[in-house]
Amino acid sequence: MYKTNNYKKLKFRSNKERINYFLKLFNKEDRVLVLIWADPDALACAFALKRILQNRVERIDISNVNEIVRLNNQLMVEVLKIPLVKFSSELLGMYNKFILVDSQPSHREEFKNIKFTAVIDHHPFTEGWEAEYVDIRPDYGAVSTILFEYLKTLKIKPSVYLATALIYGIKVDTDNFLRSANLHDVIAFQKLYKYMNKYLLNKIEGHHIKRSELKYFKIALDQMKFQKGKIFVYIGKVLNTDILVIIADFLSRVYETSWVFVGGEFKKNLIIIIRCDGYKKDAGKLAKKLFKSIGFAGGHREKARAEIPFSNLNIESEKFDTKSLIKLFEKYFKYKDERKKS
Ligand SMILES: [Mn+2]
């Protein structure tokens, strides 16, 4: 058994050698399950693996361990006809080989006890697990790019659906090439572009608001408060935190707005989505400074998120409103203003 501790020793002189090694791990009698934490990159990669292995094994299926709640991702599955099998622990018994893509066994509880034949990912390498085949490339913007290289090496022409899926995976994970894309991502995008369908892609990425969610925009516009270039708004209970992100992104486009704070209640937590222009500002740092000790907080310069159990705040969720949200940030900005003056 090949140990991941020395995974760097698994070196191949060419993509061909690599892919041959990978393919030799599977045979005609195998029943293979590809496991993912479904997001566009993971979905596209699993779809590509199914294409690569479907004629080489008895059966290959894809299962997502998370529920797909984001509308774009639901549309991706529907429009590109990506076949998914509902995850359960009983499901695992129906397969003899497992592949993990766009994630590592240490990332999720669900993956920890599974013996993976192959792990293909681009997140930073983690310890404490092993697999027969490991292909981890943290310098790649998307795992979809790695899978494109597999397809190319095998001279498999992707279908319109598969090409569109991989393009979408690359676009989302690289934030349209504005973040962490390398030359391989750019080449994959360019090569896949001629096989994809831009109308299908537009169907997926062009719609991210459900009609039933428009009411939250009304709340946002009615309740929001401006303060020195900052917009604050508390939306109240939401069924899905994505709508808070969508509203925050929308408000961050308002001219002369340097900060946006959108709050909402989800599963007894106060969720706060923070946006700023990143110029001499750091949303991630702000979130961590204020909320790390009472909940989850993280993000980067322009985007951040905090999740705080209401039980850790000195206010009941029913009484929380936009003013309460402003109060959470008051001290921080007062201190900043005072520092500027002195
Ligand atoms: Mn990814």
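Bear in mind the structure is a predicted one, so any value in this text is a computation, not a measurement. (Residues numbered from 1 in each chain as written. Predicted model: local features only at pLDDT ≥ 70, side-chain atom pairs only at ≥ 80, totals over all residues. Heavy atoms only, no water.)

### Quick notes on the coordination of the manganese ion
Argument step 1. Those protein atoms acting as donors to the manganese ion are Asp41 (OD), Asp102 (OD), His122 (NE2) and Asp173 (OD), and they sit at 2.0 to 2.3 Å.
Argument step 2. Along the chain, the residues donating to the manganese ion are arranged with the sequence spacing D-x60-D-x19-H-x50-D. Taken together, the positions of Asp102 in the loop between strand 4 (97-101) and helix 4 (109-112) and Asp173 in helix 6 (residues 160-173) put the pair 71 residues apart, joining distant regions of the chain.
Argument step 3. Note on Asp102: relative accessible area 6%, which makes it buried. (Donors = N, O, S within 2.8 Å, 3.2 Å for Na, K, Ca; no water. Helix = DSSP H or I, 4+ residues; strand = E, 2+ residues; numbered from the N terminus. Buried < 20%, exposed > 50% of the residue type's maximum accessible area, 1.4 Å probe, protein only.)

### Concerning the nonpolar core
Argument step 1. Of all hydrophobic cores here, the largest spans 58 residues; its most connected members are Phe22, Val101, Ile120 and Leu147.
Argument step 2. Per element, the largest residue contribution to this core is 10 residues, and it comes from helix 2 (residues 40-53).
Argument step 3. Among the nonpolar cores identified, the runner-up in size contains 24 residues, and Phe232, Phe261, Ile308 and Leu313 belong to it. (Core = buried A, V, L, I, M, F, W, Y, C linked by side-chain atoms within 4.5 Å.)

### Here's the deal with the domain arrangement of the protein
Argument step 1. Looking at the assigned domains, one finds that the protein contains domain 1 (4-205) and domain 2 (212-341).
Argument step 2. Here the C-alpha centre of domain 2 lies 34 Å away from the C-alpha centre of domain 1.
Argument step 3. Contact between domain 1 and domain 2 buries roughly 290 Å² in total, counting both sides, with carbon and sulfur atoms accounting for 28%.
Argument step 4. Of all residues in domain 1, Val69, Arg70 and Arg179 bury the most surface against domain 2, accounting for 82% of the area lost on that side.
Argument step 5. Notably, a salt bridge pairs Lys303 with Asp175, separated by 3.9 Å at the nearest N-O pair.
Argument step 6. The tally of links between domain 1 and domain 2 comes to 1 residue pair in polar contact (both at pLDDT 80 or more).
Argument step 7. Taken together, the residues of the side of domain 1 that touches domain 2 break down into 1 nonpolar, no polar and 3 charged. (Domains from an automatic or database assignment. Buried area = accessible area lost by both parts, 1.4 Å probe. Salt bridge = Lys/Arg side-chain N within 4 Å of Asp/Glu carboxyl O. Polar contact = N/O pair within 3.5 Å; in protein donor to acceptor, adjacent residues only side chain to side chain. Nonpolar A, V, L, I, M, F, W, Y, C, P; charged D, E, K, R; others polar.)

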